[in-house]
Amino acid sequence: MVLEVDDLVVRFESADGRPITAVDHVSLRIGRRETLGLVGETGCGKSTLARAALKLIPFDEGQVKLLGRDLGDLGGEELRSVRRHCPMIFQDPRGSLDPRMTVGRIIDEPLKVHRLGDAAQRAAQVREMMDLVGLPEELHGRRPVQLSGGQQQRVGIARALITRPSLVICDEPVSALDVSIRAQILNLLADLRDTLDVSFLFIAHDLAVVRHLSDRVAVMYLGRIVEEGPVERIFSEPRHPYTQGLVAAILRADNQARERLQLVDRLAAGDLPSLLNPPAGCRYNSRCPYAVDDPCRLIPPDTELVGDAGGDAAGHRVACHLHGQITPPSSEVTLSESWEKG
Amino acid sequence: MSTPLLEVRDLCVSFATRDGVVRAVDGLSFSVDAGEALGIVGESGSGKTVSSLSILRLFGLFDDVTLSGEILFEGRDLLRISEAELSRIRGGKIGMVFQDPLTSLNPVMPVGEQVAESIRFHTGATRPQARKRAIELLDRVGIPDAAKRCDELPHSFSGGMRQRVMVAIAIACEPKLLIADEPSTALDVTVQAQILLLLDELRRELGIALIMITHDFGVVAATVDRVLVMYAAQPMEYCTIEHLFDRANHPYTEGLLRLVPRLDHRMGGRLRPIEGQPPALTEEISGCPFAPRCGLAEERCHNDRPPLVRLGPHHESACWLATERAARLTTPGRPWETPS
C-alpha cells in the first residue's frame with residue numbers, strides 16, 4: 001500500500017471557537033500504481049483529507065501510513081523525506097507557480113531542494129521531463145505568465161513528477177481549464193499513470209472528471225465517505241442517494257438533460273447543511289428523498305460492503321441505512337442503461 | 001412574420017489595449033423571439049460574454065471599446081440610445097444573472113433591499129410596496145423563510161442561495177429578456193442543477209426570453225431551444241438543440257461534443273481533445289479561426305474566411321465544407337460517437 005488512512009479525524013475551530021469536524025473517521029487505501037478518485041462538493045473535507053494524509057495539517061485522531069511509514073511519529077527531516085515521494089498538483093496552475101522563476105527553474109527546484117543529482121544531471125532530467133509532459137524545449141526560459149493555462153498546468157505536473165514520486169495528489173487539476181484544454185491534460189495524466197510507477201489521489205467536485213482516470217472512486221459528504229468502489233460500479237450501480245444524484249448531475253448533451261436535472265433536484269434536494277451544525281444520524285438525511293426518522297435521523301449509518309465481494313464489485317462499500325431498499329425509478333435506470341451497452 | 005424581440009446584426013466589438021487591438025466579437029448576428037431560449041456556447045475568449053455585455057453596454061469605465069452593428073430590442077437600436085434610456089432597460093425589460101453572485105451583490109445591503117431597490121427604480125413603487133414584492137420574489141425563487149431572511153446580508157447565504165437572490169433581482173421588473181452568463185458554473189454540481197431548473201421554470205412560467213451563456217453543452221441541452229457556437233470572436237454554428245445532437249456540422253462543434261461526458265464511453269478510454277490552442281485575439285486572422293486546429297482544414301480554410309452557410313431554416317455553419325458535410329449527415333447520426 002502506498003497510502004493507508006485509518007479512522008482519520010481532523011477538527012478545526014470556527015472563528016467564534018466552535019468545533020468543526022472537517023474529516024470524520026475516514027478510512028481509505030491506495031495501492032501501488034492505483035488511482036483513487038475522491039469526489040465531493042465544497043466543504044466536504046476532500047482537500048483537508050488530502051492535506052492531513054501528508055501531515056501538512058495536523059490530524060486529531062486516527063492513523064496515516066504513507067509508503068509504510070506511520071506519519072504519527074514522524075517529524076522534521078524524516079517527514080520531509082517521505083513527502084518528497086508525494087508531491088501535489090493544484091487547481092490554479094498560475095497561482096501555484098512562482099511568477100519570477102523560469103519554467104526550467106520551477107521544474108528543477110524539487111531536485112535542488114531534495115539535493116538530487118548535480119547540475120548537469122538535473123538539467124538533463126528537466127529536459128526529459130519537459131518532453132514527457134509535452135512542453136516544447138523553447139519554453140525552458142519563459143516565465144509562467146507567458147504560458148497558456150494548459151502549459152502552466154503541464155509545468156505543475158512536470159514539477160510534481162521530477163522526483164519520481166510514488167504518490168501524486170492532484171487537487172482539482174483541470175477545474176480551471178477550458179474544456180478542449182482539460183481533455184489534453186486528462187489524457188496526459190492518463191498516459192503518465194500508464195507509463196510511470198506512480199499512484200494518484202485525484203480530487204474533484206465532479207464525477208465526470210475522475211471517471212477517465214480512476215480505478216476506484218470514493219464519494220465524500222460532510223466529512224464522511226458515503227460510498228466507495230471500483231469506478232465502473234460507482235457509475236453503473238451507485239447505491240447511495242447522494243452518489244446517484246452526482247451521477248445524474250453529470251451534464252450530458254442529449255434530449256434527457258432536463259429530466260436529469262429534475263432527478264438531481266430530487267436526489268439531492270436543498271442546500272448543503274453547515275459543518276457547524278451537521279444533521280444528527282446520517283448526515284445526508286436533510287437532503288435525502290428516502291430518509292425516514294428511524295434510523296436515518298437517529299443513528300449514523302455504518303459502512304457496509306455491497307454486492308459480490310469477489311467479483312467486479314470488490315470493495316464496493318456504502319454508508320446508507322436503506323441501501324438495500326432503494327430501487328432507483330425508471331428514469332434513474334437510464335443513467336446506467338447506456339453504460340451497459342458501452 | 002413578427003419581428004423578433006432581440007435582433008443582433010453584424011455586431012463587432014473591439015478593445016484597445018496595451019498589447020494592441022483585441023477583437024472580442026467579430027461579425028455576430030442572431031435573433032431571439034419572445035419567450036424563446038438561445039444558448040451561446042464557447043470557451044474562454046470566444047466572445048460569448050462580451051457579446052452579451054454589449055447588449056446592455058456593460059463595460060468598465062476605462063475600457064476603450066469600439067462597437068459597430070445593430071442591436072435591435074423591441075425595434076430600438078440599443079447601440080444608439082442614450083445612457084439614461086438604456087439604464088431604464090437594464091434591470092427593467094432586460095435582466096441579467098452573472099456567474100459570481102458574491103461580487104454582483106452589494107455586500108453591505110440586505111438582500112431584500114437589493115431586490116426592492118430595482119423595483120423602486122423601475123416601477124416607482126413605494127418602499128413598503130417594493131419590500132412586499134421583494135419578499136414574494138425571494139420566496140418564489142426558493143429562499144426559505146423569505147420574510148425573515150430578506151433583512152440578512154449576502155454573506156450569510158450559501159452560493160446557491162445568493163444566486164437565487166440574483167435571479168430574484170433579475171426578474172423583479174418582469175423582464176422580457178433574461179441574460180444568464182454562466183449562472184451555475186461557480187456552484188456545486190447538485191446546486192447547479194437547482195439553479196438551472198429554476199431559470200427554466202421561471203422562463204416558462206413568466207414567458208421570458210432567455211440567453212444562456214455557457215461553455216458547457218450539457219447546460220444548453222437542459223435549458224435552451226437554439227444554440228450559437230462561438231470561437232475566437234466569431235460565430236461558428238447556429239442550430240436548434242435537436243440538430244446539435246443529431247447533425248452538428250462544424251468541426252469545432254463536433255470536437256466540443258466529443259468532450260461532453262458520456263456514460264457509455266469505455267471506462268479509462270482516451271478522450272479525443274481538440275489539439276492546439278485558440279488564437280490570440282490580437283492576431284489578424286484571415287481564414288477560418290479554427291483552421292489551425294482542424295483536422296479537415298484545406299488551403300482555402302487558412303486563407304479565406306468561410307461564409308455562414310445556410311443548411312436549413314434554423315441551421316447555419318461557418319465552414320467551407322459545410323454543404324458537403326451536411327450531405328453526408330442527411331440521415332441523422334452522431335458522428336462524434338464513432339469510436340476512435
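Refer to the preceding data block for the structure.
Throughout this document, residue positions are counted from 1 along each chain, in the order its sequence is written. Ligands are numbered from 1 and chains lettered from A, in the order in which they are written. The model is predicted, so local features are restricted to residues of pLDDT at least 70 and side-chain atom pairs to those at 80 or more, both for listing and for counting; the totals for chains, interfaces and linings are taken over all residues. Side-chain calculation: all heavy atoms of the structure are included, whereas hydrogens and water are not.

This next bit is on the overall build of chain A. In DSSP terms, a helix is any run of H or I states spanning at least four residues, a strand is any run of E spanning at least two, and both are numbered starting from the N terminus. Helix and strand counts for chain A come out as 11 helices and 12 strands. Radius of gyration means the value over C-alpha atoms here, while the globule rule gives 2.2 Å times the residue count to the 0.38 power. Compactness check: chain A gives a C-alpha radius of gyration of 21 Å against a globular reference of 20 Å for 342 residues, within 12% of the reference. With the C-alpha coordinates of chain A rotated into their principal frame, the extents come out at 65 × 50 × 45 Å. Across chain A, contacts joining residues at least 24 apart in sequence account for 64% of those joining residues at least 6 apart. In these tables, accessible area is a Shrake-Rupley quantity obtained with a 1.4 Å probe, and a residue counts as shielded only by the protein chains included in the view. Per element, the accessible surface of chain A, about 14100 Å² overall, is 47% carbon and sulfur. The positive count covers Lys and Arg only, the negative count covers Asp and Glu only, and His and the chain ends enter neither. Taken as the charge centre is NZ of Lys, CZ of Arg, CG of Asp or CD of Glu, depending on the residue. Distance between charge centroids for chain A: 6 Å, based on 41 positive and 48 negative side chains. Every residue pair with non-hydrogen atoms within 4.5 Å of one another is taken to be in contact.

All names here are of chain B. What makes two strands pair is DSSP finding at least two bridges between them. A sheet is described by the order of its strands in space; here 8 strands give the open sequence β6-β7-β8-β3-β9-β10-β12-β11, paired in mixed fashion. Strand pairing shows two members of the sheet lacking a second neighbour, β6 (94-97) and β11 (309-312), which therefore form its edges. The sheet shows a mean angle of 20° between the axes of neighbouring strands, direction not considered. For strand β3 (residues 37-41) and strand β9 (residues 226-231), the ladder comprises 4 bridges, and the chain directions are parallel. Directly across from Ile-40, in β9, lies its bridge partner Leu-228. With respect to the sheet, helix α1 (residues 48-55) is in contact with β3, β6, β7 (177-181), β8 (209-214) and β9, its orientation differing from that of β8 by roughly 145°. In the packing of helix α8 (residues 189-206) onto the sheet, the strands contacted are β3, β7 and β8, and the crossing angle to β8 comes to about 160°. A fitted line through C-alpha atoms represents every axis, and for helices the fit uses only the stretch in contact; the resulting angles, taken between N-to-C directions, go from 0 to 180 degrees.

What follows is about the interface of chain B and chain A. Taken together, the contact pairs 44 residues of chain B with 44 residues of chain A. Summed over both partners, the accessible surface that disappears when two parts come together, traced with a 1.4 Å probe, is what is meant by buried area. Summing both partners gives a buried area of about 4100 Å² for chain B against chain A, and 59% of it is carried by carbon and sulfur. Across the pair Asp-200 of chain B and Arg-258 of chain A runs a salt bridge whose closest N-O atoms are separated by 2.9 Å. Pairs of N or O atoms within 3.5 Å make up the polar contacts considered here, provided that, within protein, one atom can donate a hydrogen while the other can accept it, and that residues adjacent in sequence are counted only when both atoms are side-chain atoms. Between chain B and chain A we count 15 residue pairs in polar contact (both at pLDDT 80 or more) in total. For the side of chain B that touches chain A, the secondary-structure elements that each account for two or more residues are α8, α9 (217-223) and α11 (251-258) of chain B. Ranked by the residues each element gives to the side of chain B that touches chain A, the list is headed by α8 of chain B, at 10 residues. Any Lys or Arg side-chain nitrogen found within 4 Å of a carboxyl oxygen on Asp or Glu counts as a salt bridge.

Residue and element names in this part refer to chain A. The full count for this structure, using the stated rule, is 46 salt bridges over all chains. Across the pair Asp-24 and Arg-224 runs a salt bridge whose closest N-O atoms are separated by 2.8 Å. Within this pair, whereas Asp-24 is found in strand β2 (residues 19-30), its partner Arg-224 is found in strand β10 (residues 224-230), the two being separated by 200 residues in sequence. Partly exposed residues are those whose accessible area sits between 20% and 50% of the maximum for their type, while under 20% is buried and over 50% is exposed, using a 1.4 Å probe and protein chains only. On the basis of relative accessible area, Asp-24 is assigned to the buried category, the value being 9%. Arg-224 gets classed as partly exposed once you look at its relative accessible area, which sits at 24%.

With that settled, the discussion passes to the environment of Leu-275 of chain A. Residue and element names in this part refer to chain A. With respect to the helices and strands, the residue Leu-275 is situated in the loop between α10 (257-267) and β11 (304-305). Note: C-alpha distance between Leu-275 and Ser-14 (261 residues apart in sequence) is 9.9 Å. If we ignore the near neighbours within four places in the chain, the residues touching Leu-275 are Ile-20, Thr-21, Ala-22, Gly-43, Leu-222 and Arg-283.

If you look at the biggest cluster of nonpolar residues, it comprises 150 residues, and the most contacted ones within it are Ile-107 and Leu-207 of chain A together with Phe-217 of chain B. In contact with Ile-107 of chain A, other than residues within four places in its own chain, are Val-126, Met-129, Met-130, Leu-135, Val-155, Ala-158, Arg-159 and Ile-162 of chain A. Throughout, nonpolar core names a set of buried Ala, Val, Leu, Ile, Met, Phe, Trp, Tyr and Cys residues whose side chains join them through atoms within 4.5 Å.

On to the packing of helix α7 (residues 159-171) of chain B against α8 of chain B. All names here are of chain B. Closest axis-to-axis distance for the α7/α8 pair is 10 Å, and the angle between their directions is 15°. In terms of orientation, α7 lies roughly parallel with respect to α8. Taken as a pair, α7 and α8 cross one another with a handedness that is right-handed. Contacts from Gly-160, Gln-163, Arg-164, Val-167 and Ile-171 in α7 reach Val-191, Gln-194, Ile-195, Leu-198, Leu-199, Leu-202 and Leu-206 in α8. Roughly parallel here means an angle under 35 degrees, roughly antiparallel means over 145, roughly perpendicular means 65 to 115, and every remaining angle is called oblique. Whether a crossing is left-handed or right-handed is set by the direction in which the near helix is turned from the far one by less than a right angle, anticlockwise for left-handed and clockwise for right-handed.

Below, the discussion takes up the side chain of Ser-180 of chain A. Note on placement: Ser-180 of chain A falls in helix α6 (residues 179-195). With relative accessibility at 0%, the residue Ser-180 of chain A sits in the buried group. Separated by 2.8 Å, the side chains of Ser-180 of chain A and Glu-43 of chain B make a polar contact. In this structure, Ser-180 of chain A is in contact with Glu-43, Leu-259, Pro-273, Ile-274 and Arg-293 of chain B, ignoring residues within four places of it in sequence.

What follows concerns the packing of aromatic side chains. Aromatic pairing here means that ring centres of Phe, Tyr or Trp (its six-membered ring) are within 6.5 Å. Orientation follows from the plane angle: under 30 degrees is stacked, over 60 is edge-to-face, and everything else is tilted. Inspection of every chain in the model, using the stated rule, returns 7 aromatic pairs over all chains. Between Tyr-221 of chain A and Tyr-284 of chain A the ring centres are 4.9 Å apart and the planes differ by 90°, which places this aromatic pair in the edge-to-face class. On the criterion of sequence distance, the pair formed by Tyr-221 of chain A in strand β9 (residues 216-221) and Tyr-284 of chain A in the loop between α10 and β11 is long-range, its members being 63 residues apart. No difference in accessibility class separates Tyr-221 of chain A from Tyr-284 of chain A, as the two residues are buried. Look at Phe-15 of chain B and Phe-59 of chain B: their rings are 5.7 Å apart centre to centre, the planes differ by 75°, and that puts the pair in the edge-to-face class. Residue Phe-15 of chain B is found in strand β1 (residues 6-17), and its partner Phe-59 of chain B is found in the loop between α1 and β4 (65-73); the two are separated by 44 residues along the sequence. One aromatic cluster in this structure is built from Tyr-221, Tyr-242 and Tyr-284 of chain A.

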